[in-house]
Every structure is written in structure tokens, then in C-alpha cells.
Amino acid sequence: MSLRIVVCVKYVPDATGDRHFADDLTVDRDDVDGLLSELDEYAVEQALQIADDFDGDGDAEITVLTVGPEDAKDALRKALSMGADKAVHVEDDDLHGTDVIGTSLVLAKAIEKTGYDLVICGMASTDGTMGVLPAILAERLGVPQVTLLSDVSVEDGLVKGRRDGDTASELLEASLPAVVSVTDQSGEARYPSFKGIMAAKKKPVQSLDLEDLEIDADEVGLAGAWTAVGSAAERPARTAGTIVKDEGEGGKRLAEFLASQKFI
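Residues numbered from 1 in each chain as written. Predicted model: local features only at pLDDT ≥ 70, side-chain atom pairs only at ≥ 80, totals over all residues. Heavy atoms only, no water.

A count of helical and extended segments in the protein gives six helices and twelve strands. In terms of principal-axis extent, the alpha carbons of the protein reach across some 75 × 45 × 40 Å. Among the 264 residues that make up the protein, the fraction classed as buried is 38%. Accessible area of the protein: about 15400 Å², with a carbon and sulfur share of 47%. Separation of charge centres in the protein, based on 25 positive and 52 negative side chains, amounts to 5 Å. (Helix = DSSP H or I, 4+ residues; strand = E, 2+ residues; numbered from the N terminus. Buried < 20%, exposed > 50% of the residue type's maximum accessible area, 1.4 Å probe, protein only. Areas by Shrake-Rupley, 256 points an atom, 1.4 Å probe, with all protein chains shown as cover. Lys, Arg positive; Asp, Glu negative; His and termini not counted. Charge placed at Lys NZ, Arg CZ, Asp CG, Glu CD.)

Here is the structure:
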């Protein structure tokens, strides 16, 4: 049989940029460059490795899926240039301000429409950093979840993986279809080659909106969000540090400073 892999990816603000909130207390994505979330690159890489190793009667096909504005296509193009086969982009003005609950609904509907055997996610997004979406998504799809894997493979209708903890590692498995998430310890993501970048321009990108997914606008967006930012304040500007000149008592003065800041 063939293996249909869907990788959920997110277009996020560049962490090195000057990020801040808009007037409605959502992340202002217009004044900062965006990119494919680094943690989702690991998910794409694991999908590619699973596809390379797949030993079924048919081929493994990788679809990358994102929910976001027009610029989110950049995240899809990066994943396609890495080697994914096709992409799905859910874009709708009514999605502005959607939280993880609403996003999981949109993703679930899009995944069901696309068809899947295995859904792969990163461990968290680099902007929201909640890390709960894979579990919520699995619940909406009604399939098993195997999350936070450092190693993952597919064999005989099962997805298998290793979850590394502080004191022990767990070996887990679930029957397909299933949802998994992978950590940043699962293996470095490959760089897109020039050939991959050129090939990505010819790969299909399907566009969907809320009507296509039969989702009411009041179920998503800022008004339909279960969570919201109540208030926000700019981080104070960095002040000049304290310079301790060593005139024979430098160690003592340093210890006193550390103690006053409750570092020791």
C-alpha cells in the first residue's frame, strides 16, 4: 500500500527580528520577516526519511500543510524545496487571531479533506511555543498520538519511535493512521539544493478557505478564540551593566553583587 504523510508546518516571525504586538494584541506579522518554523523543519526531515525508507506496495507521498496569510506560502516553498511532493495552504481573512483550538480544527478538516495515514508535527511553534497542537489534533481526528519523538519510523502499519526523558527513554508505537510530533533531537534538517528549489516551483499548491472546509467563521478568529492576550507591555530597554574594578577587593564586591541579586 502507499503511505500518505501530511506534515503540519507554520510560518512564523523571524526570532532575530524586532517582534511586537499589534493594536489588537495579536502578533504583528507585517513589520517583521517570516520563515518556516525551525522546529517544523525537523518534522519535514523525518517525513522525508520515512518516505525514503518506506517499503510498501506503493510510494510514500508527502503533503505539507499550513494555515496562514499569503506570505505563509514561503514556508510551504521551503518544505517543497526540501523534497515534499505537494502543499496545501489554508488562507482566509476570518482566521486572523485564531488560537491553537481553532487552528487544530482547521488543520483537522484540511487533513481529512487531503487524506492521510500519518501526520507529523514539530514539537512546538517558535512563536507560540505551546506544544499542545499535536495532541489536540489527534483528538479531533480520533487517532492515536505518539509525541515528542527523537526517533521515528514506519513499519508494517505501525509508527514506532523513541521518546527521550531526563532519566529514561521510552519505546512507543501506534497503529496507523496516527499523529506524531518530533523534537529537535531527531536529526538535522537538510538544506534545499538548487535542484530542489527549482523543482519546488512546479509542485502543486492547493488553496483552501473556511468555506471549502465547511467551518463557520465564528468558530475561529480572534472572536472565537478560547485564549487571548489580556495586556502586553514593551520590554524595558537594556540598561548599562555594573562594572566592578578590582582594586584588591574585586572578588568580595562581585560576591556581594551576586548575593544582592539572589544569584548565590
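On we go from here.
The element strand E5 (residues 86-90) is largely enclosed, with a buried count of four among its five residues. Looking at chain direction, strand E4 (residues 60-67) and E5 are connected through five bridges and run parallel. What sits directly across from Val 67, in E5, is Val 90. Note that the unit made of E4, helix H2 (residues 73-82) and E5 has a crossover that is right-handed. Judged from the four bridges that link them, E5 and strand E12 (residues 205-208) form a sheet pairing that is parallel. (Pairing = 2+ DSSP bridges. Right-handed = clockwise from strand over helix to strand, strands pointing away.)

The next thing to look at is unusual backbone geometry. Look at the link from Leu 176 to Pro 177: it is a cis peptide, with omega at 0°. Counting through the fold element by element, Pro 177 comes out in the loop between strand E10 (169-175) and strand E11 (178-182). The backbone of Leu 148 sits at a positive phi, close to 55°, despite the residue not being glycine. Structurally, the position occupied by Leu 148 is in strand E7 (residues 145-149). Assessed through its relative accessible area of 38%, Leu 148 is described here as partly exposed. Of note in the backbone geometry, Lys 262 takes a positive phi value of approximately 60° without being a glycine. With respect to the secondary-structure elements, Lys 262 resides in the segment after helix H6 (250-260).

The space that makes up the second largest pocket amounts to roughly 200 Å³. Along its surface, the second largest pocket is lined by 13 residues, and Gly 34, Leu 35, Leu 36, Glu 38 and Glu 41 are the ones closest to its centre. Element by element, the count of residues in the lining of the second largest pocket is highest for strand E3 (residues 34-36), at three residues. Its residues placed into classes, the lining of the second largest pocket shows five nonpolar, three polar and five charged. (1 Å grid on protein atoms, 1.4 Å probe; cavity = no way out; pocket = protein on both sides within 12 Å on 5 of 7 lines; lining within 4 Å. Points joined across faces, edges and corners; volume = space filled by probe spheres on them. Nonpolar A, V, L, I, M, F, W, Y, C, P; charged D, E, K, R; others polar.)

What follows deals with the sheet that holds strand E9 (residues 158-164). Sheet strands line up and pair through hydrogen bonds in the backbone, either parallel or antiparallel. The strand order across the open sheet built from three strands is E8-E9-E10, with neighbouring strands paired in antiparallel fashion. Of all strands in the sheet, those bounded by a partner on one side alone are strand E8 (151-155) and E10. Looking at each pair of strands side by side, their axes are set apart by 20° on average, direction ignored. Note that E8 and E9 share five bridges and pair antiparallel. The residue bridging Ser 153 from the neighbouring strand is Lys 160, located in E9. (Axes fitted to C-alpha atoms, helices over the stretch in contact; angles between N-to-C directions.)

For the pair helix H3 (residues 100-114) and helix H4 (residues 133-141), interaxial distance at closest approach is 9 Å and the crossing angle is 50°. In terms of orientation, H3 and H4 fall into the oblique class. In this structure, the crossing between H3 and H4 has a hand that is right-handed. Across from Val 100, Ile 101, Thr 103, Ser 104, Leu 105, Leu 107, Ala 108, Ile 111 and Glu 112 in H3, the residues of H4 making contact are Leu 133, Ile 136, Leu 137, Arg 140 and Leu 141. (Parallel < 35°, antiparallel > 145°, perpendicular 65-115°, else oblique. Left-handed = near helix turned anticlockwise from the far one by under 90°. Contact = heavy atoms within 4.5 Å.)

In an α-helix, one turn spans 3.6 residues, which is why side chains three or four residues apart end up on the same side. Counting buried residues along H2, seven of its ten residues qualify, which places the element largely inside the surrounding structure. Buried within H2 are the following residues: Lys 73, Ala 75, Leu 76, Ala 79, Leu 80, Ser 81 and Met 82.

Taken together, the side chains of Asp 18, Asp 30, Asp 31, Asp 71 and Glu 234 present a region of like negative charge at the surface. Summarising the element assignment, Asp 30 is placed in the loop between strand E2 (11-13) and E3. Here Asp 30 falls in the exposed class, since its relative accessible area comes to 73%. (Patch = residues over 30% accessible without salt bridge, like charges linked within 9 Å, V, L, I, M, F, W, Y side chains within 5 Å. Salt bridge = Lys/Arg side-chain N within 4 Å of Asp/Glu carboxyl O.)

Right, let's get into the side chain of Asp 117. Within the fold, Asp 117 resides in the loop between H3 and strand E6 (118-122). Relative accessible area serves as the criterion here: at 15%, Asp 117 is assigned to the buried category. Side-chain polar atoms of Asp 117 contact the backbone nitrogen of Arg 4, separated by 2.7 Å. Setting aside chain neighbours within four positions, we find Asp 117 in contact with Ser 2, Leu 3, Arg 4, Leu 176, Pro 177 and Ala 178. (Polar contact = N/O pair within 3.5 Å; in protein donor to acceptor, adjacent residues only side chain to side chain.)

For the coordinates displayed, the defined rule picks out ten salt bridges. Linking Glu 170 and Arg 163 is a salt bridge whose minimum nitrogen-to-oxygen distance equals 3.3 Å.

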